[in-house]
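Chain by chain, the residues run as shown.
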Amino acid sequence: MAGDDHHELTRVGDLPEVCLAHAIALTSPRDACRCAAVSPAFRAAADSDHVWRRFLLPEHRAAIVVGPPPKQSPGSTKDAYLRLCDAGAAVDVGGEGSGMRMWLDKASGAKCYMLSARALSLPWDDGEFSWRWTSHPLSRFRDVAELVECTSLDIYGRLPAAELTPATSYAAYLVYGVAEGHRGLSYPDQETTVALGGDRVAAAAPPRQAVCLHPDEAEARKFRAVSRGTGPEEPRRPRLREDGWSEMEMGRLRTPGGDGKEAGEEEVVVSFEVLGWYPKRGLIVEGVEFRPVN
């Protein structure tokens, strides 16, 4: 016959808050928010500074965070994390003063970057100005670049791989708009590349992706004779963002790390090129954005 002694079971929620916080800190920001919905004990642990210091690294805390704070207890580390996710911060990579913004992916904590048009390499025709710098109501930067007129159009951008979160899959996006009276942006002879390796990119021959910034089948057929095209591949089309800009995925890569390898001096290099030599105008460049692939 079994004894009458009864032993109380210890549930996970009965553990000290510091133990719960330590375990939750080993997960991800998304999982921490899910844990907060389990019980009051889990919420206290999941919202603690111990957990969110794990997600908000020292270089993140050093950034100048702008914008209104979210609805969270003032001064908490979670508050700082959410502000950096929602508002971002102006950063100066390389000390050259070129416009860039950094923010965090809310679900994973991975770093995101936007290179402004000022930080990109834009083409010039025969020494004449092909672009004009102008303010834009939708821009996160002081100004954007608007294409006035050119025949050769190629855009390049570089970002040190060490600035991105290690061992993470990223996609690069050209963020842009199209002005009234645009021309030469609808032909299927546009290509993008994304590669890792800095000066070795040319030798590595990165895959090229066919794209079309402003699809217009009638215009594409009209100018097909002067467009060299990109082969039978269907060009990738743009997506309209919630902030009013259009974005075109330029390609993907995985950053070094997690296998004993470091990014070192490697760079992520992106490019957009129109192959045909014909008049083009009306492209408004906001910048190039790097975001983790979820």
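For clarity, every value in this text was computed on a predicted model and none was experimentally measured.

Draft legend 1. The sheet that holds strand E9 (residues 209-211), seen in detail. Strand order in the open sheet formed by four strands is E6-E12-E8-E9, and the pairing between neighbours is antiparallel. If you trace the sheet from one side to the other, it starts and ends with strand E6 (153-160) and E9, each paired once. Put simply, the sheet's adjacent strands are angled 20° from each other on average, direction ignored. The pairing of E6 with strand E12 (residues 267-274) spans eight bridges and is classified as antiparallel. Opposite glycine 157, over in E12, you have valine 270 as the bridge partner.

Draft legend 2. Geometry of unusual backbone geometry. Although it is not a glycine, alanine 167 adopts a positive phi angle of roughly 50°. Here alanine 167 shows up in the loop between E6 and strand E7 (169-183). The class for alanine 167 is partly exposed, based on a relative accessible area of 25%.

Draft legend 3. Structural detail: the nonpolar core. Trp131, Leu153, Ile155, Phe272, Leu283, Val285 and Phe290 are the most contacted members of the largest nonpolar core, which has 59 residues in total. The next biggest cluster of nonpolar side chains, apart from the first, holds nine residues, and it includes Trp103, Cys112, Phe141 and Val144.

Draft legend 4. Spatial organisation of helix H6 (residues 77-86). Within H6, seven of the ten residues are buried, leaving the element largely enclosed by the surrounding structure. Taken residue by residue, H6 has Thr77, Lys78, Asp79, Tyr81, Leu82, Leu84 and Cys85 as its buried positions. Glycine 88 sits one or two positions beyond H6 and adopts a positive phi of about 75°.

Draft legend 5. Representation of the environment of glycine 88. Relative to the helices and strands, glycine 88 resides in the loop between H6 and strand E1 (89-91). Using a relative accessible area of 2% as the deciding quantity, one classes glycine 88 as buried. For the pair glycine 88 and tyrosine 113, spaced 25 residues apart in sequence, the C-alpha to C-alpha distance is 9.3 Å.

Criteria and cut-off values
- Residues numbered from 1 in each chain as written.
- Predicted model: local features only at pLDDT ≥ 70, side-chain atom pairs only at ≥ 80, totals over all residues.
- Heavy atoms only, no water.
- Pairing = 2+ DSSP bridges.
- Helix = DSSP H or I, 4+ residues; strand = E, 2+ residues; numbered from the N terminus.
- Axes fitted to C-alpha atoms, helices over the stretch in contact; angles between N-to-C directions.
- Buried < 20%, exposed > 50% of the residue type's maximum accessible area, 1.4 Å probe, protein only.
- Core = buried A, V, L, I, M, F, W, Y, C linked by side-chain atoms within 4.5 Å.

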